[in-house]
Amino acid sequence: MSINVLIVDDSGVMRAMILKSMRMGGIPLGEIHQAGNGEEGLAALKEHKVDLVIVDINMPVMNGEEMIDHMHDDPEFQKIPIVVISTEGSEVRQNRLMEKGAVFIQKPFPPKKIRDTLKGILDIGGGK
Amino acid sequence: MIQAINDILYRIAEEVLEKIAFIFSFPEKDRVPIPFESAVVASVSFSGLFDGVLLMAVSQQVLPELTGNMLGIDMDEETSMEEQHDALKELINVICGNLLPAIAGKQMIFNVETPQVIEASSVSDLEGELAAIAKLSIEDSGHCDILFYVKGEIPEIPPPDMGEE
């Protein structure tokens, strides 16, 4: 079983770090799609079959929370697991995102955190 | 309060550099700040309980290695200027995102703008008073300064949680 992933972050360096953490963590990756903001992320979702969305919050054009709201409004995307990887430090905002069903990881993150979180929500075992 | 903010800034800057760029840094509290002309400078503005700007200046010669570490590429591979600027913007973004709740508490909401790489000459245009500065040595001969500017007074807030992650 391999996982098709969409990584949405306006930093190419951060997208590369997330991808590297997933590879190091032994996540069975299939297709990797990348986008620089929420609008591009939604376009990528319409074009490709994705099993997991990893999204930043603070991005230009369309931020990550708006993208998550659009995904919830679309029956096609409602059930895709979402992991937010962000610098957002406000518990108020973090709780709001978790109420929307997203799992939250704060930057900076150790690679182990990505591995354990993804193995948990994707039910592929072997974490921790 | 100002001393407490300075301590928090040092702690978070060192932690972020280590965790994201895999670089150890050490405080250099007694040295003079880096001349901005010899550094690559990024800034990020924020607003909320108080408004201001965080600025990060890194010696030009260490930015390629720092970027290479973040990207996980081999020592002999080169990084582009765009990647180096992207790396610096990500670092200041993460430092700012962790600094503000460490100062004001995790219940406060701040809006953090998109970070930018700026010209040294435009640093003087920044609004606000310098509230804290962290001066660090990184690698053999590199330096990194992080300057925290605040517009107006920082309101009375609960004592910062020095022990939080």
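In this text the structure is predicted, and so the values were computed from the model without any measurement. (Residues numbered from 1 in each chain as written. Chains lettered and ligands numbered in written order. Predicted model: local features only at pLDDT ≥ 70, side-chain atom pairs only at ≥ 80, totals over all residues. Heavy atoms only, no water.)

**Things to note about helix α3 (residues 64-73) of chain A**
Residue and element names in this part refer to chain A. Buried within α3 we find Gly-64, Glu-65, Met-67, Ile-68 and Met-71. The buried residues of α3 all sit within an arc of 160° when viewed along its axis, so they share a single face. On its buried face, α3 is in contact with β1 (3-8), α2 (38-47), β3 (52-55), β4 (82-86) and α4 (91-99). Where α3 begins, the capping side chain belongs to Asn-63, and its oxygen is found 3.0 Å from the backbone nitrogen of Glu-65. (Buried < 20%, exposed > 50% of the residue type's maximum accessible area, 1.4 Å probe, protein only. Helix = DSSP H or I, 4+ residues; strand = E, 2+ residues; numbered from the N terminus. Arc of directions from axis to C-beta. Contact = heavy atoms within 4.5 Å. Polar contact = N/O pair within 3.5 Å; in protein donor to acceptor, adjacent residues only side chain to side chain.)

**Observations regarding the packing of helix α1 (residues 12-24) of chain A against helix α3 (residues 81-104) of chain B**
The axes of two packed helices give the description: the angle between them and the distance between them. Between α1 of chain A and α3 of chain B, the least distance of the axes is 8 Å, while the angle of their chain directions is 80°. Relative to α3 of chain B, the element α1 of chain A is oriented roughly perpendicular. Mapping the contact onto sequence places Gly-12, Val-13 and Met-14 of chain A in α1 of chain A and Glu-83, Asp-86, Ala-87 and Glu-90 of chain B in α3 of chain B. Classifying every residue of the contact of α1 of chain A with α3 of chain B by side-chain character gives three nonpolar, one polar and three charged. (Axes fitted to C-alpha atoms, helices over the stretch in contact; angles between N-to-C directions. Parallel < 35°, antiparallel > 145°, perpendicular 65-115°, else oblique. Nonpolar A, V, L, I, M, F, W, Y, C, P; charged D, E, K, R; others polar.)

**A look at the interface of chain A and chain B**
Tallying the contact residues gives 20 residues for chain A and 24 residues for chain B. At the boundary of chain A with chain B, total buried surface from both sides reaches about 2,000 Å², with 54% on carbon and sulfur atoms. Between Lys-107 of chain A and Glu-90 of chain B there is a salt bridge whose closest N-O contact spans 3.0 Å. If you look at where chain A meets chain B, you find 11 residue pairs in polar contact (both at pLDDT 80 or more). Every element with two or more residues in the side of chain A that touches chain B is listed here: α1 and α4 of chain A. Top element by residues in the side of chain A that touches chain B is α1 of chain A. It accounts for six residues. (Buried area = accessible area lost by both parts, 1.4 Å probe. Salt bridge = Lys/Arg side-chain N within 4 Å of Asp/Glu carboxyl O.)

**Quick look at the sheet that holds β4 of chain A**
Residues and elements named next belong to chain A. What the five strands build is an open sheet, ordered β2-β1-β3-β4-β5; its pairing is parallel. Lying at the two open borders of the sheet, with one neighbouring strand each, are β2 (29-35) and β5 (103-106). In this sheet, neighbouring strand axes are inclined to one another by 20° on average, regardless of whether the strands run parallel or antiparallel. Sheet topology places β4 next to β5; four bridges connect them, and they run parallel. The residue of β5 that forms the bridge with Ser-86 is Gln-106. Contacts between α1 and the sheet are confined to β1, β2, β3 and β4, with β2 contributing the most and set at about 165° to the helix. With respect to the sheet, α2 is in contact with β1, β2 and β3, its orientation differing from that of β1 by roughly 160°. (Pairing = 2+ DSSP bridges.)

**So, the nonpolar core**
In this structure, Met-22 of chain A together with Phe-50, Leu-54, Met-56, Ile-146 and Phe-148 of chain B are the most contacted members of the largest nonpolar core, which totals 67 residues. At 12 residues, the largest contribution of residues to this core is made by α3 of chain B. Apart from residues no more than four positions distant in its own chain, Phe-50 of chain B is found in contact with Leu-100, Ile-103, Ala-104, Phe-110, Phe-148, Val-150, Ile-154 and Pro-155 of chain B. Among the nonpolar cores identified, the runner-up in size contains 22 residues, and Ala-35, Leu-42, Ile-82 and Ala-102 of chain A belong to it. (Core = buried A, V, L, I, M, F, W, Y, C linked by side-chain atoms within 4.5 Å.)

Functional significance is not addressed by these values, which are geometric in nature.
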